[in-house]
Amino acid sequence: MQYQITTNQRRFDIAMIHDFLRSTYWAKGIPRSVVTRSIRNSLCFGAFQGSAQVGFARVITDRATTAYLADVFVLPEHRGRGVAKLLVAKILAHRELQGLWRFILATEDAHGLYAQFGFKPLPQPDHFMTIAFPNVYEKKSAPPLSR
Ligand SMILES: CC(C)(COP(=O)(O)OP(=O)(O)OC[C@H]1O[C@@H](n2cnc3c(N)ncnc32)[C@H](O)[C@@H]1OP(=O)(O)O)[C@@H](O)C(=O)NCCC(=O)NCCS
């Protein structure tokens, strides 16, 4: 059966998305409430086979100048069939993501996927800065205040 891409969040399988994301290297342990809020506040794309969601991608964007592609995944049994390429193609063609100044993403090992669509390593990575909280979802409670 063919795969379809939709941005209609009412169709999304939030339980499946949360279940997948909480086991990833980039969002390990993420609470469901955070996943729900992140989806609500982003432009998201779901890949479907019939009524079953098999893939997901989230674009954090002002829909005018800048976009950040995150949380891209395809369920294991549907990999190797072009679903991720279909997702990325639909994202880059979306009418609200045209004329951007910059589209950014971070990946540990899927560079070859995104390179097919024109993504390149940062030309000047030293121009970028970050504040990272790598274990933020794994903390059960805030650390005690130091006195
Ligand atoms: C990465 C992932 C989304 C690819 O999904 P997919 O539907 O199997 O990918 P496609 O079938 O559309 O093809 C992917 C293409 O990118 C290439 N590629 C490059 N790096 C890859 C990687 N790390 N994993 C999978 N494909 C990769 C493949 O070789 C393929 O190219 P080809 O068509 O020229 O052979 C999927 O393997 C996945 O969900 N992985 C776990 C989550 C993850 O790592 N997400 C990426 C975070 S940036």
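Keep in mind it's a predicted model, so treat the numbers as computed, not measured.

1. Some points on the overall build of the protein chain
On a plain count of helices and strands, the protein chain comes out with four helices and five strands. Mapped from its N terminus to its C terminus, the protein chain presents α and β elements in the order β-α-α-β-β-β-α-β-α. Against the 2.2 N^0.38 benchmark of 15 Å for 147 residues, the protein chain shows a C-alpha radius of gyration of 16 Å, consistent with a compact globule. Out of the 147 residues belonging to the protein chain, those deemed buried represent 35%. Contacts spanning at least 24 positions in sequence make up 61% of the contacts within the protein chain whose residues lie at least 6 apart. For the protein chain, the exposed surface amounts to about 9,800 Å²; the carbon and sulfur share of it is 54%. In the protein chain, 19 positive and 10 negative side-chain charges are present, and the distance between their average locations comes to 5 Å.

2. Let's talk about the environment of tyrosine 68
Structurally, tyrosine 68 can be placed in strand E4 (residues 66-74). Relative accessible area serves as the criterion here: at 32%, tyrosine 68 is assigned to the partly exposed category. In the structure, tyrosine 68 is positioned 37 residues away from leucine 105 in sequence and 5.5 Å away in space, judged by C-alpha atoms. When sequence neighbours within four positions are dropped, the list of residues in contact with tyrosine 68 reads Arg58, Val59, Ile60, Phe103, Ile104, Leu105 and Ala106.

3. Examining the packing of aromatic side chains
Applying the stated criterion to the full structure yields six aromatic pairs. For the ring pair phenylalanine 20 and phenylalanine 73, a centre distance of 4.0 Å and an interplane angle of 10° mean the geometry is stacked. Taken together, the residues span a long stretch of sequence, with phenylalanine 20 in helix H1 (residues 14-21) and phenylalanine 73 in strand E4 at a distance of 53 residues. Exposure class is identical for phenylalanine 20 and phenylalanine 73. Each is buried. Centre to centre, the rings of phenylalanine 56 and phenylalanine 73 are 6.0 Å apart; their planes meet at 45°, and the pair counts as tilted. Within this pair, whereas phenylalanine 56 is found in strand E3 (residues 52-61), its partner phenylalanine 73 is found in strand E4, the two being separated by 17 residues in sequence. Since its relative accessible area comes to 0%, phenylalanine 56 is described here as buried. Judged by its relative accessible area of 4%, phenylalanine 73 is buried. Through successive ring pairs, a cluster of aromatic residues spans Phe12, Phe20, Phe56 and Phe73. The positively charged end of arginine 11 is found above the aromatic ring belonging to phenylalanine 48, 4.2 Å away from the centroid.

Rules used throughout
- Residues numbered from 1 in each chain as written.
- Predicted model: local features only at pLDDT ≥ 70, side-chain atom pairs only at ≥ 80, totals over all residues.
- Heavy atoms only, no water.
- Helix = DSSP H or I, 4+ residues; strand = E, 2+ residues; numbered from the N terminus.
- Rg over C-alpha atoms; globule rule 2.2 N^0.38 Å.
- Buried < 20%, exposed > 50% of the residue type's maximum accessible area, 1.4 Å probe, protein only.
- Contact = heavy atoms within 4.5 Å.
- Areas by Shrake-Rupley, 256 points an atom, 1.4 Å probe, with all protein chains shown as cover.
- Lys, Arg positive; Asp, Glu negative; His and termini not counted.
- Charge placed at Lys NZ, Arg CZ, Asp CG, Glu CD.
- Phe/Tyr/Trp six-rings, centres within 6.5 Å; stacked < 30°, edge-to-face > 60°.
- Lys NZ or Arg CZ within 6 Å of the ring centre and 35° of its normal.

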